[in-house]
Amino acid sequence: MTLFKLRKRLADKEKSPTLELPTLAVAEVDDAPKGRLNAVPSTVSLMSAEVPPLESPAAPAESWSSPSTLGHRLPESWKEDVQDETLRLIAHPTEVLVLGLRPWTGTSWSGKLKRRATSVVTVDPDAARLVEWRQVAEVRIQAALESLTWSQMLIGRRFGAVVLGDALTHQADPLHFLGRVRDVLAQNGSVVGVVPNATWGENRLKLLQGELPRGYEPGSALHRYNRDRLREALAFAGYALVELYTHRTPFFEGEESVTPELFPDTVLQTLDPHDDATVSHLVFRAVPATPDDMLRSLFQEQEDLKRSVRNELTRAKRACDALSEQLATVNAHQDTLISEMADQRATISGISERAARLEQNLRSMTEERDRAWRELNSVRQAWWYRLFGGFRRSEADD
């Protein structure tokens, strides 16, 4: 298949009608947006607050296989796997705050969460998505996640679990956002979230194909995370990463626009499957860390780093010793070869001398033969040899 035909097939696929879904707004919103869900009055308890019905129509159901702010198009098998893993990380029974509903819209995840949680509060800037959760969430707050609206409305409320849908990757200041999330966490509460893996192999393949990966277009996600970057961001925000689940998606089973025929086996072999190349998403649980915990974690990391350095030095020393032994063996072989070469040179020198003597003898024998021929010819020319030759011929005739 030629590159032209592959590109034409991709262009025809892009022209086919697809469902365009709204993206997450990142601009600040007013504390009480007009024509949208009104803020809960401060004099009314959130536990018993009744949110007025939303007037906007419900949006079409979207699934994980449709374009989403999580950044990847994945098979249906991924949905149940990650949903179940996310629910497993939520301690139950507990009160749950869900920040960002886009990843969970159009799925059965909300019903599973309702059976697991004692109460559910949702925050999302889109009114249509909030409508889908009216049977699950007792309080639904329409506000941008980066605004102060939802945190001001939840003053005094504490949750055992805060679920971050597509929130962490779209915040201009994720550390400040995680700080506000910490203000609404209970004493033993935890943060559960899902983020796409920035070093997923199909992202690299799509760049090699000359296109931007899904979710990397201008105006999409503001921050991207891999395993180390996620742990680092949580640590800077005062959290400790206690559980991390990696969901693996084999090559060419996620992004439909990645063309397998463009990549030979040698390219795929450079992407090590054990180096998070097949990890499409990370599901994590983090808990607030006290200063003592952070110091203990730093000391532990320092000890782990020292241990790692010692292990690396030990392996390097063993490798150096092995190389030294190999070098000594090579040197011994080299000395042997040099000695053998010297012997061969001596043998060759002796053979050359014998060849020179043989050549000299041959030259002498040639000279003697020529001299003998000259003497023989001179004898043949003598008168007595001719006379004797004629006498012998006459005797032969008789």
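Residues numbered from 1 in each chain as written. Predicted model: local features only at pLDDT ≥ 70, side-chain atom pairs only at ≥ 80, totals over all residues. Heavy atoms only, no water.

A look at the overall build of the protein
Here is step 1: Broken down by element type, the protein carries 12 helices and 7 strands.
Here is step 2: Classification of the 398 residues of the protein by burial places 38% in the buried group.
Here is step 3: Sequence-distant contacts, at least 24 apart, represent 77% of the contacts inside the protein between residues at least 6 apart.
Here is step 4: A total of about 23,700 Å² of accessible surface is found on the protein, and carbon and sulfur atoms cover 56% of it. (Helix = DSSP H or I, 4+ residues; strand = E, 2+ residues; numbered from the N terminus. Buried < 20%, exposed > 50% of the residue type's maximum accessible area, 1.4 Å probe, protein only. Contact = heavy atoms within 4.5 Å. Areas by Shrake-Rupley, 256 points an atom, 1.4 Å probe, with all protein chains shown as cover.)

What to know about a nonpolar patch on the surface
Here is step 1: On the surface, a cluster of nonpolar side chains totalling about 580 Å² of accessible area is made up of Val379, Trp383, Trp384, Tyr385 and Leu387.
Here is step 2: Of all the elements, helix α12 (residues 383–397) adds the most residues to the nonpolar patch, at 4 residues.
Here is step 3: A relative accessible area of 57% places Leu387 in the exposed class. (Patch = residues over 30% accessible without salt bridge, like charges linked within 9 Å, V, L, I, M, F, W, Y side chains within 5 Å. Salt bridge = Lys/Arg side-chain N within 4 Å of Asp/Glu carboxyl O.)

Considering the pattern of salt bridges
Here is step 1: Scanning all chains against the criterion turns up 14 salt bridges.
Here is step 2: When the shortest N-O distance is used, the salt bridge between Arg88 and Glu85 registers 2.6 Å. One end of the pair, Arg88, and the other, Glu85, are both in helix α2 (residues 76–88), 3 residues apart, so they sit about a helical turn from each other.
Here is step 3: Two residues, Asp321 and Lys317, come together in a salt bridge whose shortest N-O distance is 3.3 Å. Of the two residues, Asp321 and Lys317 are both situated in helix α11 (residues 291–380); the distance of 4 residues between them amounts to about one turn of the helix.
Here is step 4: Each of Glu85, Arg88, Glu243 and Arg285 takes part in a single network of salt bridges with overlapping partners.

Quick word on the pairing of strand β7 (residues 279–288)
Here is step 1: Burial of β7 is extensive: 7 of the 10 residues sit out of reach of the surface.
Here is step 2: Here strand β6 (residues 239–248) pairs with β7 via 9 bridges, running antiparallel. If you follow Thr246 over to β7, its bridge partner there is Leu282. (Pairing = 2+ DSSP bridges.)

Observations regarding the confidence of the model for the protein
Here is step 1: For the protein, per-residue confidence averages 75 on the pLDDT scale, and residues scoring 70 or more make up 75% of the total.
Here is step 2: When the criterion is pLDDT under 50, residues 1–6 qualifies, and its contacts beyond four places in sequence or with other chains add up to 6 contacts.
Here is step 3: Note on residues 15–75: pLDDT is under 50 here. Beyond four places in sequence and across chains, it has 131 contacts. (pLDDT = per-residue confidence, 0-100.)

Some details on the sheet that holds strand β5 (residues 185–196)
Here is step 1: The mixed open sheet is built from 7 strands, whose spatial order is β3-β2-β1-β4-β5-β7-β6. Of all the strands in the sheet, just β3 (139–142) and β6 have a single pairing partner and so form its edges. Strand-to-strand twist across the sheet, computed as the mean angle between neighbouring axes with direction ignored, equals 15°.
Here is step 2: Here 4 bridges tie strand β2 (residues 119–124) to β3, and the two strands are oriented parallel to one another. Bridge pairing in β3 places Asp124 opposite Gln142.
Here is step 3: Strands in contact with helix α8 (residues 227–236) are β5, β6 and β7; relative to β6, the strand with the most contacts, it is inclined by about 155°. (Axes fitted to C-alpha atoms, helices over the stretch in contact; angles between N-to-C directions.)

Considering the nonpolar core
Here is step 1: Leu97, Leu99 and Trp150 are the most contacted members of the largest nonpolar core, which has 33 residues in total.
Here is step 2: Ranked by the residues each element gives to this core, the list is headed by β7, at 4 residues.
Here is step 3: Grouped together as the second largest cluster of nonpolar side chains are 22 residues, Leu130, Val136, Ala137 and Val163 included. (Core = buried A, V, L, I, M, F, W, Y, C linked by side-chain atoms within 4.5 Å.)

Points about the environment of Phe236
Here is step 1: Mapped onto the secondary structure, Phe236 falls in helix α8.
Here is step 2: Between the C-alpha atom of Phe236 and that of Leu178, which follows or precedes it by 58 residues, the distance is 9.8 Å.

Describing the packing of aromatic side chains
Here is step 1: Going through the model one piece at a time under the given rule, you end up with 3 aromatic pairs.
Here is step 2: Ring geometry for Trp109 versus Trp133: centroids 6.1 Å apart, planes at 55°, classification tilted. Highlighted residues: Trp109 in helix α3 (residues 109–116) and Trp133 in the loop between α4 (127–132) and β3, separated in sequence by 24 residues. In this pair, the class of Trp109 matches that of Trp133, namely buried.
Here is step 3: Cluster of aromatic residues (ring-pair linked, three or more members): Trp104, Trp109 and Trp133.
Here is step 4: The ring of Tyr225 carries Arg229 above its face, with NZ or CZ at 5.4 Å from the centroid. (Phe/Tyr/Trp six-rings, centres within 6.5 Å; stacked < 30°, edge-to-face > 60°. Lys NZ or Arg CZ within 6 Å of the ring centre and 35° of its normal.)

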